[in-house]
Amino acid sequence: MTQTLEPQQVHSQTRPPATAQQRVEGWLADFNAALAARDVDAVVAMFAIDSYWRDLVAFTWNLTTVEGREQIADMLGERLDDTDPAGFTTSEPATDDDGVASAFIRFETATGRGEGHLRLRRDADTGVDQGWTLLTTLQELKGHEEPAGHTRVRGAVHGSDPDPRSWAERREAEEAELGRTVDPYVLVIGGGQGGIALGARLRQLGVPAIVVDKHERPGDQWRNRYKTLCLHDPVWYDHLPYLPFPANWPVFAPKDKIGDWLEFYTKVMEVPYWSKTECTSATYDEDAGRWTVELIRDGEAMTLHPTQVVLATGMSGKANVPQFPGHDLFAGDQHHSSRHPGPDGFIGKKVVVIGANNSAHDICKALVENGIDTTMVQRSSTHIVRSDSLMEIGLGALYSEQAVESGMSTKKADLTFASLPYRIMHQFQIPLYDQIRERDKDFYDRLERAGFLLDFGDDDSGLFMKYLRRGSGYYIDVGACDLVADGTIKLAHGGVDHLTEDSVVLADGTELAADVIVYATGYGSMNGWAADLMGRDVADRVGKVWGLGSETTKDPGPWGGEQRNMWKPTQQPGLWFHGGNLHQSRHYSLYLALQLKARFEGIDTPVYRLQEVHHLS
């Protein structure tokens, strides 16, 4: 029988108000005691009715958010005994924000060590502190810590060693064996920033893994894009694990610098990376619990038998290339934005760009700046946010030079961002975008006068929520919008009815003369790659990848609370999805790597709330 612990008592009116640190310490002391007593009822009573516990692997061996007391009780009822959590304490002094006490925390479980974040709110009736948001994340596995700091490898041989080979010779031997006489435990398909970051994590954890990619060199995924492409996210948001960008790195990195950095990073972090390698098929043997993957590596047919396969092909799937009536009649060049080479070959031609989001704006801007007649076809409204406003209002508190100077590390910023449950994240975003709309009112007025269709998301929550919900429908403005507003980039509206030999005809009969058509029409779900490689049955078993189930545009319900199928177990054993922007590749690669490491070491990993499937694509 468990003993229900009384919640902490309200402080006497004669005593000075408790500091944020005292409030957090008192709550954590009761929390530790209730957990140790396995008193689920007492733990649950410490949380507000509208509370959120987001767990990244530490308790659930999953990425899961439980909402409210009933769900918290269910999770603890299944996972408390096995997890055996203890030692919750603050890792630095707590802070107070308008009565909400917040603190970074650390703790231990039976299998690992974790960090997280806690927010407390006082109950309006009783004055008792209650848990509002709790983030728990697994940071390392006990007995399988990364060799770093005091435990880093020596490198040099001081004294005698039965293995006389140099570091380089040992690496060469390992590279010769892996994939030939030794199967990788993990095969990572896709060698962009996501695959490389995960490969580096697995390397440091001692998990045999190979990252494969069809391009000739690491970084070619960026080098081969149109020449004016730059990151729209600032450098502080984009660091990779282990090796942050240097202090003189551009705020918005040009694509060729990113390509070179990824190649350098792959080499320095010793990521086993096979370039010029294409996977042709993958089948899973349920009885053996492993995959058979057929590859062509630089012309050589090979077969691998990994236990785990990670599709690290980005957050997007295959390019959406529409087949409009008359597609075969058009005499000019047609290509998707992912294959756009830049403006150089189109001087003197008329270009029509179908779409009005990030790639469309970037491409149109480069075209008109080279004197090319360019029309953007906007088929639906687009969310626009100016880069300077996004950096200052949207990101400045966590990812900026000012944030760094105030003591905000990348890890603390990541944990802070992760601590906001997706269910209520829009509530924090709406006021920011209200500020942006007021600040940039003249800018938005000029766009609307030019006929551009604007939106701020279904609930006015702006860029981040659109990205998390659907991964599309926005543009971070770095100059193209002024060219739309003044008519330099011509603007047309509506769906495409058909193509002729030399034009694009819209649904309202408008005919746009065209020598070149660029389809900036986005991408499908990531499970499109799974369908091609593993078959439609596997893709359907996994279901839709990305999105929250918010029931907003292009994000159908039901509510899931986390990104569908990303960085966590799927309904297909041994199949994982990894990707997103550089921030997500950095942050979530840790949790995916730890899940894979645990399985590699034979640690029991009972998954709480395995992803449900509601949408096949």
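In case you missed it, the structure is sitting above this.
Before going into details, it helps to say that this report is about the structure given with it. (Residues numbered from 1 in each chain as written. Predicted model: local features only at pLDDT ≥ 70, side-chain atom pairs only at ≥ 80, totals over all residues. Heavy atoms only, no water.)

1. With respect to the overall build of the protein chain
Reasoning step 1: Along the protein chain, the regular secondary structure elements total 18 helices and 25 strands.
Reasoning step 2: Taking 25 Å as the expected radius of gyration for a compact globule of 617 residues, we find that the protein chain reaches 26 Å, a close match to that expectation.
Reasoning step 3: Each principal axis of the C-alpha atoms in the protein chain carries an extent, and together these give about 80 × 70 × 45 Å.
Reasoning step 4: The buried share of the protein chain, taken over its 617 residues, is 54%. (Helix = DSSP H or I, 4+ residues; strand = E, 2+ residues; numbered from the N terminus. Rg over C-alpha atoms; globule rule 2.2 N^0.38 Å. Buried < 20%, exposed > 50% of the residue type's maximum accessible area, 1.4 Å probe, protein only.)

2. Comments concerning the side chain of histidine 117
Reasoning step 1: Among the secondary structure elements, histidine 117 is positioned in strand 6 (residues 112-122).
Reasoning step 2: We classify histidine 117 as buried; its relative accessible area is 5%.
Reasoning step 3: The contact partners of histidine 117, leaving out residues within four places of it in the chain, are Ser102, Ala103, Phe104, Ile105, Thr133, Leu134, Leu135 and Ser419. (Contact = heavy atoms within 4.5 Å.)

3. Considerations on the pairing of strand 22 (residues 503-506)
Reasoning step 1: Neither face of strand 22 is open: one carries Ser503 and Val505, the other Val504 and Leu506, and all of them are buried.
Reasoning step 2: Linking strand 21 (residues 496-499) back to strand 22 in an antiparallel pair, the connection comprises three residues.
Reasoning step 3: Both strand 22 and strand 23 (residues 511-513) contribute to a ladder of three bridges, which runs antiparallel. From the neighbouring strand, serine 503 faces strand 23, where its bridge partner is alanine 513.
Reasoning step 4: Linkage of strand 22 to strand 23, two consecutive antiparallel strands, is achieved through a turn of four residues, within which glycine 509 is found at a positive phi near 95°. (Pairing = 2+ DSSP bridges.)

4. Thoughts on the packing of helix 11 (residues 410-418) against helix 18 (residues 582-600)
Reasoning step 1: Helix 18 packs onto helix 11 with a crossing angle of 85° between their chain directions and a minimal axis gap of 11 Å. One way to sum up the angle between helix 11 and helix 18 is to call them roughly perpendicular. Residues Thr410, Asp414, Leu415, Phe417 and Ala418 of helix 11 form the contact with helix 18, whose participating residues are His583, Arg586, His587 and Tyr591.
Reasoning step 2: Its residues assigned to classes, the contact of helix 11 with helix 18 shows four nonpolar, three polar and two charged. (Axes fitted to C-alpha atoms, helices over the stretch in contact; angles between N-to-C directions. Parallel < 35°, antiparallel > 145°, perpendicular 65-115°, else oblique. Nonpolar A, V, L, I, M, F, W, Y, C, P; charged D, E, K, R; others polar.)

5. A closer look at the sheet that holds strand 8 (residues 186-189)
Whether parallel or antiparallel, the strands of a sheet pair through hydrogen bonds between backbone atoms.
Reasoning step 1: With parallel pairing, five strands are arranged side by side in an open sheet as 10-9-8-14-25. Each edge of the open sheet is held by one strand with a lone partner, namely strand 10 (273-274) and strand 25 (575-577).
Reasoning step 2: Two strands pair when backbone bridges link them, and strand 8 and strand 14 (residues 308-311) are joined in this way by four bridges, in the parallel orientation. Across the sheet, the residue bridging to leucine 187 is valine 309, located in strand 14.

6. Some words on helix 8 (residues 358-369)
Reasoning step 1: Counted at 1.5 Å a residue, the expected span for helix 8 with its 12 residues is 16 Å, and the 17 Å between its end C-alpha atoms agrees.
Reasoning step 2: By the criterion of burial, helix 8 is predominantly enclosed, with 10 of the 12 residues buried.
Reasoning step 3: Within helix 8, the full set of buried residues consists of Asn358, Ala360, His361, Asp362, Ile363, Cys364, Lys365, Ala366, Leu367 and Val368.
Reasoning step 4: Here the buried face of helix 8 lies against strand 16 (350-354), strand 17 (373-378), strand 18 (383-386), strand 19 (474-477), helix 15 (480-485) and strand 24 (516-519).
Reasoning step 5: Immediately downstream of helix 8, the backbone of glycine 371 shows phi near 75°, a positive value. (Expected span 1.5 Å × (residues − 1).)

7. Considerations on a negative patch on the surface
Reasoning step 1: The grouping of Glu501, Asp502, Glu511 and Asp515 at the surface amounts to a negative patch.
Reasoning step 2: Relative to the helices and strands, aspartate 515 resides in the loop between strand 23 and strand 24.
Reasoning step 3: Among the residues examined, aspartate 515 registers a relative accessible area of 35% and is labelled partly exposed. (Patch = residues over 30% accessible without salt bridge, like charges linked within 9 Å, V, L, I, M, F, W, Y side chains within 5 Å. Areas by Shrake-Rupley, 256 points an atom, 1.4 Å probe, with all protein chains shown as cover. Salt bridge = Lys/Arg side-chain N within 4 Å of Asp/Glu carboxyl O. Lys, Arg positive; Asp, Glu negative; His and termini not counted. Charge placed at Lys NZ, Arg CZ, Asp CG, Glu CD.)

8. Some remarks on the nonpolar core
Reasoning step 1: Core analysis: the largest hydrophobic core is formed by 165 residues, its most contacted members being Phe31, Trp53 and Met534.
Reasoning step 2: Element by element, the count of residues in this core is highest for helix 18, at nine residues.
Reasoning step 3: Apart from residues no more than four positions distant in its own chain, tryptophan 53 is found in contact with Phe31, Phe47, Phe59, Thr64, Thr65, Val66, Ile72, Met75, Leu76, Leu134 and Thr136.
Reasoning step 4: Listed in part, the 14 residues of the second largest apolar core include Phe330, Val352, Leu499 and Ile517. (Core = buried A, V, L, I, M, F, W, Y, C linked by side-chain atoms within 4.5 Å.)

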